[in-house]
Structure formats: structure tokens, C-alpha cells
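Descriptive analysis of the structure
The chain contents come next:
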Amino acid sequence: MAGRCPVTASFWNLVSDLAFLVVACCAVTLALWLATSQRAHGPAINACAAALFSSALWAFCVFGLGDAHVATGFLGIVCNLAWLWMLYRLFGHGDRDKRLGPVRPVVFSLGLVESLQVALLFAGARFSSMPEASMLLLEFGITFRLLFCIGALVLIHNLYAGASAPARQGLRWPASALAVIWLYDLNFYTIAYLGDGLPVMLVELRSVALAFVLALLAMGTVRSKGELLFRPSRSFTFQSFSLLLIGAYLVVMVVIAQGLTYIGSDYDRILQTGFVLLASVVALTVLPSKRLRGWLRVTVSKNLFQHRYDYRAEWLRFTDTIGRAGPQAAPLPERIVQAVADITDSPAGLLLTPREEGGLALEARWQWRDIEVPALAIDALGARFLSENQFIVDLDDVRAGEEAAVPEVATPKWLLEDELGWALVPLLHYERLVGVVVLARPAVARRLDWEDFDLLRVVGRQLASYLAERNSQNALGEAQQFDEFNRRIAFVMHDIKNLASQLSLLAGNAEKHADKPEFRADMILTLRNSTDKLQALLARLGRYGSHPAKDREEVALDRLLERIAAQYAGKHEIVLPRSAPCKVKADAESLEQALVHLVQNAIEASSEKSPVFLDLRSEGSSAIVEVVDSGAGMSPDFIRTKLFKPFHSSKSGGFGIGAFEARELVRAMGGQLDVESREGLGTRFIIRLPLSETADLIRTMNAKEEASEVA
């Protein structure tokens, strides 16, 4: 009251005391009416009555004992806790079990901060004779009150912003009253922190702020009929939680800095500066960390929300990822992997799709270039398990031996050995497996739960429909191209057949009318060679549609490979590292044709000084021929969509059926053609053919089965 005359000061004190007395009486009256009247309605009625009764007791203490008394300070703490309890009940109104859980940790933390004021209050009373200690305790108390006010105001904002539109009609009155209380305290303690002590004028005007709060609550209890529905935005909650952490960090910095000042020494300024620099370095190092942000996101989702996922946001992101188009967009298989990985915050992933021979093979990678995936990623038995059981596999559980229901064939060795492997998500379309997404471990690994499984199953079925639609479109386009190709070949075959007939007629006439024996003999030899070549061409063209079965003969693979290598002598280096005697039952001409095509492709992919390797070995009941080059290699997408698909030629004017024909020729002989390739490293084509003894045994068994069926 410095600067006022005694009469004015006495009159002002009397008015201030009477204001606290009047406000206390009004608060008691409103509290009793809320607790007893059936006409009062609105959210958190009982909690509001308890808070008003606590505020009335505090106002009576200010009137009777003064604002500096220990009892007054203690009741002030009780008031804050009571208002905080009312705020907590506002969150839980209408559906307590489901909506109180998200805010419990924050409310508990703020209650703990306010409870620390009790210790500071009694410590201040004990050390009242020590000015420096009293000032330090006052600064600590002001700092805790600032933290409490900031946190409470953030909760009020989330309460109102997360409520439905009808609920806001009833919430605006109690939310406004609570905002008035803590906004006044925020300004009050901010001025106290910047000044030399508590501002006396604002202490005396607290009765006016409390009167305003009573008016808002009275209006709210009469008019409020809305139902509270708390639906906070996840992004806003995450930002609010981050703001609270930053505020706590700043408060801790201030408290420690003030403590260093209180210790007092000739180096207090140096200690303060060093601490601030160290804390800043720690903050700049830790806060941008992706792992910290991932942990914070998981913690907020786990503790502040009933569900882990914001399904609306996940669906919008999923739709945007899959629907992305244009030349700059990634291929559909990569976008499928990204869509699943975004849900679980996985940094990378793979897409495995069914092979025509059975099992699953790699089709696409998304940000996972260093994992080695074999040509047969998961065999047919593993694919059948994933299809029949619709099982989302947690690889960490498999490694720990906690998933006895998952067979080894569904989790191959190459996948378990890579610690980044985290989960397998099957993509099912009408109960048929069209793909499997392999997810890499996120920065903050966690155990998959029922909510993850449910969401991933739904997303997997949606993505499977996209894959099935793509496969159908590719098959339809291929069928249309085959129709066009067959129509063109029909004309070609007709023309060649006419030419062959003309040449045959010419040869017959030459035999009858040629005068010179030498000329006649030479002409006949030439014409007959041409006729044979044309007939062979007709037979080869006829194979494209039907692939008629031929009698197989015993073929020495080692000699065949030596003959093919000799064809390229002087043109390109062909190396045979192993060429042990090995015989198979096959069509020698077709097998040579397939091998020559693969060797020619390897030569074209390699540089002039890079040799092509032809490796031959026996493995069990099969002979294996590998054609290996160190060229540019091929991408998984090219292998899956173009290499063995007709009409995709990299050569000008080519039909693009060479690789397709080579595979079909090998299959017709009971064999299998696989390919392994890495971009920048090279390509390996692998031909597997049954050995002669195995082929005879298979043929005998098939004949017996046919005979038994006929009988």
C-alpha cells in the first residue's frame, strides 16, 4: 500500500476484506444449491460444488487471517487441487470409463506439482527468519505454480477443442470459469517472478476474479444441457504433450539455475553459464532424434487414447499413397509396401508374390536394399500356411520361440537372420494369397497387439484387391497381344507354306527338264536345302501355340555345353568352371536353343572383357546348369513383369518372346528355369532338369497311374 494515505489505505483494506467475505458467502450458497437442488444440471456438478466450497473456505481465511497465513496458503493449495478435480470430472462426464484414461497421467502430474507446494509452505514458515532462504523457497513456489497453470490451461484447451459441437454449448461456462482462475494465476505469478515478490494489488483483486468465476458457473449450471464428448486431435495432443515437456524442461533449467545462485560462490555466473550451455547441447542433440519422437508418439498413443490408431488419418494417408499416380510416382508394388509400413512406422519393407512354379519370390523393395533375398523366398508349404491361416507373423516372437503354431517353412532362415525383419503381413483376395509384405523393425520396436492385427488384416485385404486387379489387367492385355500375334503368325505361316510349295514344285521340274547333269545336281541340292530350312521354320513357328511333345533322348549336358562354348570361340569368352559328365532325358534341339538364348543374353549384358560362366553340377536327382554374367543386372520389377512376359523386347523390332520361349521349352522337358539378379552386380539363370534315371522313373510312374485310371 505504499504511496497511499492512511485513510485511503484503511478504506481500501476494508473494501477488500468485505469483498472476500461476500464472495465466500456467495460461493457457499452456490455450492449448497449445486449439491442439493434437482434443478441444477451440467457436467461435474458434485466436483464443482466441492471446488466452490474449498474456495469459500479460502476466502473466509483471507478475510479472517490474511493472505500470508499458513492456513490460507494451505487452503489455496486445496482449492487448486479441487478445481483440477473438477476439470478431470469434466473430461469423464457421460462415458467415464472410456474418456478418463487419456488424461489421468497429465492430471496426476499436475496434482503432484501442486502438492509440492505443501512442503514449500511449511518450509517457508520454518525458515521465515532467514530472508535468503525464504526468497529461494518463494521462487521455487512461483516456478511450480507457473508450471501448474500452463499445464491446466493446456488441458482446458484440449477439453473444449476435443468436444463435439453440442457438448461445447454446455462446456463453455465451466471451461471459461476454470480458464479465468488459471489465467489470473498465470499473470499473477509471472509478475511475481519478474518482480521482487507477490504483487499486493493483485492479491487483493483475487476476490473480483473469484466473483467472476461464480457468475460463469451459475450461468452454466442453469443453461448447460449439452453432453460432453471428448475427441481430441492426435496431432494436437502430441503437440500439446511436446509443449508440456518443453515447459518442464525450461522449469527445470530455471530451478537449477536459481539453485546455483543460492549456493553462492565466486563462480556462480560461470556455473550458471556452463549449465545453460550443457543443457542446450543436450536438448539440441536429443530433441531432433527420430527415436525420441517415435517413443513420444508411441507413449502418447498408448496412454492418452483408447485406440492406438487414428483411423481417419490412417485411411487418408493410405488412400493418398495407393492413389498416387504420374511418372514420378513409385510402381504399385512399392506403394503397397509403403502403405503397410506407414501404419506401423516401419522404415522399410519387401513385397513377396506367388511364382508360377509355386512359393513366393521377391517382387519389390521399399528402402531395403541390403537384405539378400533368394530366388525362392518362401516355399510352397510356407505360402500355403500363410494363405490358409491368414496369420500375421511377429518375427520377434518366432525368434524367441513363443510362436509354436508358425512352422519353419513360413519363416525362412534368411528372414530370421536379419534382425531388421519384424513382421509378415499376408495379402489375401477371396481367401487366395496374392502377396506377403515383410516389414522392417521401426525405430521404437514394440510388440504387435490385437489392434495392429485387425488393422493390418483389413489393409492387407484392400491391397490384395489392388494386386489382383493389376494381375487381371496384365493377363487381359497379354491375351489380347497373343490374339494379335497369332493372327499375324497365321499370315506368315500361310506365305511360307506357299513358298515351300513353290520351291518343291521347282525342284520337281528341275529334275525333269534340266539338261546338264552337273547343274541339275547342284540346283537340286540347293533347292532341297532351302526346302528343309523352310519346313524347319514352319515346325518352329507351329510350336509357339501348342508346344507338341517330342520323344526325348539322352543328352550329355557336358558335351552340349562344350559345343555351345565352341560356337562363341573368338567372339566372347565362355568359361566352364565345372563340366562333369551328366546326362538328362530331353529334346536336344530345344535344350540347345534355350541355352543359346540365355548365353546370348548374358553376352549382351556383359562388357567385352567380362566372361560368361556356364556351370554344370548334379544335385540330388537333378542336373543344374547356371548361366552367370557380371553385367548390369535386372530389377525385381523387371524380372516379375517383363523378363518372362512376351512382347516386352528391349531390341528394336523384336517380338520379345525369347525368354518366354526358353522357359516354356525347359518346362516342356520337365525342368524349371529360375533367375537371380542384383542391379549393378549381374544375373544368374538356373536350369534344373531331372537326370536320366529320374526321368525314366517319373515316366514309369506316370504310365502306371494312367493305366490304373483307365482300368
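Residues numbered from 1 in each chain as written. Predicted model: local features only at pLDDT ≥ 70, side-chain atom pairs only at ≥ 80, totals over all residues. Heavy atoms only, no water.

**Description of the overall build of the protein chain**
Per the secondary structure count, the protein chain includes 24 helices and 12 strands. The proportion of buried residues among the 711 residues of the protein chain is 44%. Split by element, the accessible area of the protein chain, about 37,900 Å² in all, is 59% carbon and sulfur. (Helix = DSSP H or I, 4+ residues; strand = E, 2+ residues; numbered from the N terminus. Buried < 20%, exposed > 50% of the residue type's maximum accessible area, 1.4 Å probe, protein only. Areas by Shrake-Rupley, 256 points an atom, 1.4 Å probe, with all protein chains shown as cover.)

**So, the pattern of salt bridges**
By the definition in use, this model includes 26 salt bridges. Of the charged contacts, one joins Arg678 and Glu372 as a salt bridge, the two residues approaching to 3.0 Å between their closest N and O atoms. Pair noted here: Arg678 is in strand E11 (residues 672-678) and Glu372 is in the loop between strand E2 (360-366) and helix H15 (380-389), with a separation of 306 residues, a long-range link. We classify Glu372 as exposed; its relative accessible area is 53%. Where Lys583 meets Glu554, a salt bridge forms, and the shortest distance between an N and an O atom there is 4.0 Å. With Lys583 in strand E8 (residues 583-586) and Glu554 in strand E6 (residues 553-556), this pair connects stretches of sequence that are 29 residues apart. In this structure, a network of salt bridges that share partners links the residues Arg355, Glu356, Glu357, Arg663, Glu664, Arg667, Asp674 and Arg688. (Salt bridge = Lys/Arg side-chain N within 4 Å of Asp/Glu carboxyl O.)

**What about the sheet that holds strand E7 (residues 574-575)?**
Strand order in this open sheet of five strands is E7-E9-E10-E12-E11, and the pairing throughout is mixed. Both edges of this open sheet fall to E7 and E11, since each of them pairs with a single strand only. Of the pairings in the sheet, the one linking E7 to strand E9 (residues 612-619) comprises two bridges and is parallel in character. Bridging across to E9, Val575 finds its partner in Phe613. Strands E7, E9, strand E10 (622-629), E11 and strand E12 (682-690) of the sheet are contacted by helix H21 (residues 588-605), whose axis makes an angle of about 25° with E10. (Pairing = 2+ DSSP bridges. Contact = heavy atoms within 4.5 Å. Axes fitted to C-alpha atoms, helices over the stretch in contact; angles between N-to-C directions.)

**A few points about the environment of Asp379**
Tracing the sequence through the fold places Asp379 in the loop between E2 and H15. Classification of Asp379 as partly exposed rests on a relative accessible area of 29%. Of the polar contacts made by the side chain of Asp379, one reaches the backbone nitrogen of Leu381; its length is 3.3 Å. Of note is the side chain of Asp379, whose polar atom sits 2.9 Å from the backbone nitrogen of Gly382. (Polar contact = N/O pair within 3.5 Å; in protein donor to acceptor, adjacent residues only side chain to side chain.)

**Structural notes on the nonpolar core**
Membership of the largest hydrophobic core comes to 61 residues, with the highest contact counts inside it found for Leu52, Trp83, Leu87, Leu178, Trp182 and Leu217. At the level of secondary structure, the elements contributing two or more residues to this core comprise helix H1 (6-36), helix H2 (45-65), helix H3 (70-92), helix H5 (104-126), helix H6 (131-161), helix H7 (165-194) and helix H9 (206-223). Among the elements that take part in this core, H6 stands out by supplying 12 residues, more than any other. Once residues within four sequence positions are removed from consideration, Trp182 is found in contact with Asn80, Trp83, Leu84, Leu87, Phe148, Cys149, Ala152, Leu153 and Ile156. (Core = buried A, V, L, I, M, F, W, Y, C linked by side-chain atoms within 4.5 Å.)

**Some thoughts on the pairing of E12**
The element E12 is extensively covered by neighbouring structure, given that seven of its nine residues are classed as buried. Two elements, E10 and E12, share eight bridges in a ladder whose sense is antiparallel. Its bridge partner being in E12, Val625 is matched across the sheet by Ile687. Strand direction decides the pairing type here: E11 and E12, joined by seven bridges, are antiparallel. If you follow Ser677 over to E12, its bridge partner there is Thr683. Counted along the chain from E11 to the antiparallel partner E12, the turn is three residues long, and its residue Gly680 has a positive phi close to 90°.

**Describing the state of the cysteines**
Covalent bonding between the sulfur atoms of two cysteines is what defines a disulfide. Scanning the entire structure with this criterion turns up zero disulfides. Free of any disulfide, Cys61 has its nearest neighbouring cysteine sulfur in Cys79, separated by 9.3 Å. (Disulfide = S-S within 2.5 Å.)

**Quick notes on the environment of Arg563**
Looking at where Arg563 falls in the secondary structure, it is placed in helix H20 (residues 557-567). Put simply, Arg563 and Glu592 are 29 residues apart on the chain and 9.4 Å apart in space, counted from C-alpha to C-alpha.

**A few points about the layout of surface pockets**
There is about 1,200 Å³ of room inside the second largest pocket. As for the second largest pocket, its lining consists of 40 residues, and the residues nearest its centre are Asp67, Gly73, Arg145, Tyr189 and Leu198. When the residues that make up the lining of the second largest pocket are grouped by side-chain class, the tally is 25 nonpolar, 11 polar and four charged. (1 Å grid on protein atoms, 1.4 Å probe; cavity = no way out; pocket = protein on both sides within 12 Å on 5 of 7 lines; lining within 4 Å. Points joined across faces, edges and corners; volume = space filled by probe spheres on them. Nonpolar A, V, L, I, M, F, W, Y, C, P; charged D, E, K, R; others polar.)

**A few points about the sheet that holds strand E1 (residues 349-354)**
Overall, antiparallel pairing links the five strands, which are arranged E2-E1-E5-E4-E3 in an open sheet. The open sheet terminates on both sides in strands that have one partner only, identified here as E2 and strand E3 (393-394). Across the sheet, H15 is in contact with E2, E3, strand E4 (421-429) and strand E5 (432-440); its angle to E5 comes to roughly 100°. Sheet strands in contact with helix H22 (residues 636-643) are E1 and E2, and its direction is about 130° off that of E2.

**Digging into the packing of H5 against H6**
Two measures define how a pair of helices packs: the angle their axes make with one another and the distance between the axes. Look at H5 against H6: their axes get within 10 Å of each other, and the N-to-C directions meet at 160°. Classified by the angle their axes make, H5 and H6 are roughly antiparallel. For the pair H5 and H6, the sense of crossing is left-handed. When H5 is examined against H6, the residues Val106, Val107, Leu110, Val113, Glu114, Leu116, Gln117, Leu120, Ala123 and Gly124 are found in contact with a partner set consisting of Leu137, Phe140, Gly141, Phe144, Arg145, Leu147, Phe148, Gly151, Ala152 and Leu155. Of the residues assigned to the contact of H5 with H6, the class counts are 14 nonpolar, four polar and two charged. (Parallel < 35°, antiparallel > 145°, perpendicular 65-115°, else oblique. Left-handed = near helix turned anticlockwise from the far one by under 90°.)

**Some details on the packing of helix H13 (residues 311-322) against helix H14 (residues 332-344)**
At their nearest, the axes of H13 and H14 sit 9 Å apart, and the two run at 165° to each other. Relative to H14, the element H13 is oriented roughly antiparallel. For the crossing formed where H13 meets H14, the hand is right-handed. Between H13 and H14, the residues in contact are Glu314, Arg317, Phe318, Thr321 and Ile322 and Arg335, Ile336, Gln338, Ala339, Asp342 and Ile343, respectively. Its residues assigned to classes, the contact of H13 with H14 shows five nonpolar, two polar and four charged.

**Considering a nonpolar patch on the surface**
A contiguous nonpolar patch, built from Phe53, Leu57 and Phe60 and spanning about 250 Å² of accessible area, is present on the exposed surface. Considering the arrangement of structural elements, one finds Phe60 in helix H2. (Patch = residues over 30% accessible without salt bridge, like charges linked within 9 Å, V, L, I, M, F, W, Y side chains within 5 Å.)

**Considerations on the environment of Gly620**
With respect to the secondary-structure elements, Gly620 resides in the loop between E9 and E10. Residue classification places Gly620 among the exposed positions, given a relative accessible area of 75%. For the pair formed by Gly620 and Thr694, sequence separation is 74 residues and the distance between their alpha carbons is 9.9 Å.

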